[in-house]
Amino acid sequence: AVEWGPSRIETFVNGKSCLVNTSADPAFQKRYIINLTQGMGGGTWNQLVDGTPIPATVQFDYVHVWQ
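Residues numbered from 1 in each chain as written. Predicted model: local features only at pLDDT ≥ 70, side-chain atom pairs only at ≥ 80, totals over all residues. Heavy atoms only, no water.

### Points about the pairing of strand E2 (residues 8-13)
For a regular strand, side-chain orientation follows a simple rule: the groups alternate between the two sheet faces.
At step 1: Sheet topology places strand E1 (residues 2-5) next to E2; four bridges connect them, and they run antiparallel. Bridged to glutamate 3 within E2 is glutamate 10.
At step 2: Pairing geometry for E2 and strand E3 (residues 16-21), over five bridges, is antiparallel. Bridge pairing links glutamate 10 to valine 20 in E3. (Pairing = 2+ DSSP bridges. Helix = DSSP H or I, 4+ residues; strand = E, 2+ residues; numbered from the N terminus.)

Shown next as structure tokens:
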């Protein structure tokens, strides 16, 4: 989950907070697009590594966005 406000953004994984940013950056007040992707590799550029299972799938139970 992501809780996003004008002065704070907090990311949760399985209900546990794992990232909090309270910089109050003006970017928090802009509209964004949600891009759900599947990270397949490692390293700096998410490059495939030996043993990466291909083909692969990712499933999302749901995405809910509200104001």
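### Describing a nonpolar patch on the surface
At step 1: Taken together, the side chains of Ile34, Leu36, Val58, Phe60, Val63 and Val65 define a hydrophobic patch exposed on the protein surface, amounting to about 550 Å² of accessible area.
At step 2: Mapped onto the elements, valine 58 comes out in the segment after E3.
At step 3: Overall, valine 58 belongs to the partly exposed group, its relative accessible area being 39%. (Patch = residues over 30% accessible without salt bridge, like charges linked within 9 Å, V, L, I, M, F, W, Y side chains within 5 Å. Areas by Shrake-Rupley, 256 points an atom, 1.4 Å probe, with all protein chains shown as cover. Salt bridge = Lys/Arg side-chain N within 4 Å of Asp/Glu carboxyl O. Buried < 20%, exposed > 50% of the residue type's maximum accessible area, 1.4 Å probe, protein only.)

### Looking at the pattern of salt bridges
At step 1: Tallying each qualifying case throughout the model produces one salt bridge.
At step 2: With a closest N to O distance of 2.6 Å, arginine 8 and glutamate 10 form a salt bridge.
At step 3: For arginine 8, a relative accessible area of 37% gives the class partly exposed.

### Describing the layout of surface pockets
At step 1: By volume, the largest pocket is sized at about 1,200 Å³.
At step 2: Elements represented by at least two residues in the lining of the largest pocket include exactly E1 and E2.
At step 3: When its residues are assigned to classes, the lining of the largest pocket shows 15 nonpolar, four polar and three charged. (1 Å grid on protein atoms, 1.4 Å probe; cavity = no way out; pocket = protein on both sides within 12 Å on 5 of 7 lines; lining within 4 Å. Points joined across faces, edges and corners; volume = space filled by probe spheres on them. Nonpolar A, V, L, I, M, F, W, Y, C, P; charged D, E, K, R; others polar.)

### As for the environment of glutamate 10
At step 1: Along the chain, the position of glutamate 10 falls in strand E2.
At step 2: Separated by 35 residues in sequence, glutamate 10 and tryptophan 45 have C-alpha atoms that sit 24 Å apart.
At step 3: Apart from residues no more than four positions distant in its own chain, glutamate 10 is found in contact with Ala1, Val2, Glu3, Ser17, Leu19 and Val20. (Contact = heavy atoms within 4.5 Å.)

### Quick notes on the confidence of the model for the protein chain
At step 1: Residues with a pLDDT of 70 or more make up 94% of the protein chain, whose mean pLDDT is 81.
At step 2: Looking across the protein chain, the model is least confident in E1, with a mean pLDDT of 85, and most confident in E3, with 92. (pLDDT = per-residue confidence, 0-100.)

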